[in-house]
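# Residue-level structural notes
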Amino acid sequence: MMLAYLVPIVLLVLLIALSIRILPEYKRGVVFFLGRYQAVKGPGLIIVIPLIQSMQKVDLRVITMDVPEQDVISQDNVTVKVNAVLYFRVVDPEKAIIQVENYIVATSQLAQTTLRSVLGKHDLDEMLSERDKLNNDIQEIIDTQTEAWGIKVANVEIKHVDLDESMIRAIGRQAEAERERRAKVIHAEGEQQAAAKLVEAANTMNENAAALQLRYLQTMSDMSNKNASTIVFPLPMDIMEAFKHMKTKGTASGGAGSGSGAGQGPDSGISTEETSGA
């Protein structure tokens with residue numbers, strides 16, 4: 001008699017033991033009743049009746065996926081190898097289980113194809129300099145397509161863009177030429193600014209003769225500090241001005257004398273002819 005009661009009790013205990021499931025805080029269970037979707041349960045203690053109900057667990061934590069290296073041909077026909085990393089998580093366990101067979105594999109394949117298609121529309125310079133913009137474009141495309149699977153793509157980061165050795169050398173030469181161009185432009189701008197300052201200084205000295213005299217004395221002081229065999233005698237600027245005035249007066253006097261001599265020639269010629277005629 002005891003054996004007859006013991007067997008059902010043991011079976012009931014085993015059934016209860018098999019029915020009890022415990023899910024942690026970061027997991028959810030998608031429960032099916034006779035093959036039909038019933039509910040999303042968890043976390044904590046969950047009862048799942050064997051043979052009648054089934055449950056598939058879904059992790060809600062952020063998944064870090066390494067996108068394999070892809071061969072990409074850029075818009076300017078340069079072949080590069082690019083790999084990236086993808087961060088995503090499940091926000092709707094029901095869709096992640098029902099709408100797609102394996103959401104991790106599906107997301108990985110979608111990330112690879114999107115990486116090739118997006119980078120193929122840009123030049124090599126854009127791949128190297130505008131990486132943040134490319135990351136945002138890839139993230140938006142993948143997030144839009146995986147929304148129906150209950151997946152939210154948090155971020156996409158391009159890790160490496162590998163180039164051939166010949167292309168690396170060409171980029172190095174291009175960068176060197178660009179630096180030389182910038183150096184020449186900066187040097188030309190410096191010369192232009194220096195010329196403008198010199199013109200401004202000349203105008204200031206022209207307005208005030210004392211400024212020119214002080215600059216003259218400063219130059220002589222600088223020359224005297226050097227160990228040179230040249231002997232410099234200071235000459236006052238007033239003497240130079242006197243020489244200028246003398247030269248100006250001499251030029252004016254010479255011009256007036258030559259003008260009067262030229263006027264006498266024709267008059268004397270006319271007088272001679274009149275006398276002889278008489």
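This brings us to the overall build of the protein. When its secondary structure is counted, the protein shows eight helices and eight strands. Counting over 278 residues, the protein shows a buried share of 21%. Across the protein, the fraction of contacts at a sequence separation of at least 24, relative to all contacts at a separation of at least 6, is 61%. Counting every atom, the protein has about 19700 Å² of accessible surface; 58% of that belongs to carbon and sulfur.

In this model, the protein carries an average pLDDT of 81, and 80% of its residues clear a pLDDT of 70 or more. Confidence over residues 258–278 falls short of pLDDT 50; this stretch has zero contacts with residues more than four positions distant or in other chains.

A few words now on a nonpolar patch on the surface. Side chains of Leu12, Leu15, Ile16, Ile20, Ile22, Phe33, Leu34, Leu45, Ile47, Ile49, Leu51 and Ile52 sit close together on the surface and give an oily, nonpolar patch of about 1200 Å² of accessible area. Sort the elements by how many residues they give to the nonpolar patch and helix 1 (residues 2–19) lands first, with three residues. Within the secondary structure, isoleucine 22 sits in strand 1 (residues 20–23). In this structure isoleucine 22 comes out as exposed when scored by relative accessible area, which is 64%.

Val80 and Leu86 are the most contacted members of the largest nonpolar core, which has 34 residues in total. For this core, the elements supplying multiple residues, two or more each, are strand 2 (27–33), strand 6 (63–73), strand 7 (79–90), helix 2 (93–98), helix 3 (103–119), helix 4 (124–129), helix 5 (131–146) and strand 8 (151–162). At seven residues, the largest contribution of residues to this core is made by helix 3. If near-sequence neighbours (up to four positions away) are discounted, leucine 86 is found in contact with Ile63, Thr64, Met65, Val67, Thr107, Ala111, Ile142, Val153, Asn155 and Val156. Formed by five residues, the second largest nonpolar core is a distinct cluster that contains Leu23, Ile46, Val48 and Met55.

The next subject is the sheet that holds strand 2. Strand order in the open sheet made by the three strands is 3-2-5, with antiparallel pairing throughout. A single partner strand is all that each edge strand has here, and the edge strands are strand 3 (36–41) and strand 5 (53–59). Across the sheet, the mean angle from the axis of one strand to that of its neighbour is 25°, orientation sign disregarded.

One pass over the full model with this rule turns up eight salt bridges. Between arginine 181 and glutamate 178 there is a salt bridge whose closest N-O contact spans 2.6 Å. Taken as a pair, arginine 181 and glutamate 178 lie in helix 6 (residues 165–207) at a separation of three residues, close to a single helical turn. Taking relative accessible area as the criterion, arginine 181 reaches 45% and is therefore assigned partly exposed. Within the structure, one salt-bridge network assembled from shared partners comprises Glu178, Arg181 and Arg182.

The peptide bond linking glycine 42 to proline 43 adopts the cis configuration, its omega dihedral lying at 0°. Along the chain, the position of proline 43 falls in the loop between strand 3 and strand 4 (44–47). At leucine 34, a residue that is not glycine, the phi angle is positive and equals roughly 55°. Of note, leucine 34 is situated in the loop between strand 2 and strand 3. Of note in the backbone geometry, asparagine 77 takes a positive phi value of approximately 60° without being a glycine.

Calculation notes
- Residues numbered from 1 in each chain as written.
- Predicted model: local features only at pLDDT ≥ 70, side-chain atom pairs only at ≥ 80, totals over all residues.
- Heavy atoms only, no water.
- Helix = DSSP H or I, 4+ residues; strand = E, 2+ residues; numbered from the N terminus.
- Buried < 20%, exposed > 50% of the residue type's maximum accessible area, 1.4 Å probe, protein only.
- Contact = heavy atoms within 4.5 Å.
- Areas by Shrake-Rupley, 256 points an atom, 1.4 Å probe, with all protein chains shown as cover.
- pLDDT = per-residue confidence, 0-100.
- Patch = residues over 30% accessible without salt bridge, like charges linked within 9 Å, V, L, I, M, F, W, Y side chains within 5 Å.
- Salt bridge = Lys/Arg side-chain N within 4 Å of Asp/Glu carboxyl O.
- Core = buried A, V, L, I, M, F, W, Y, C linked by side-chain atoms within 4.5 Å.
- Pairing = 2+ DSSP bridges.
- Axes fitted to C-alpha atoms, helices over the stretch in contact; angles between N-to-C directions.

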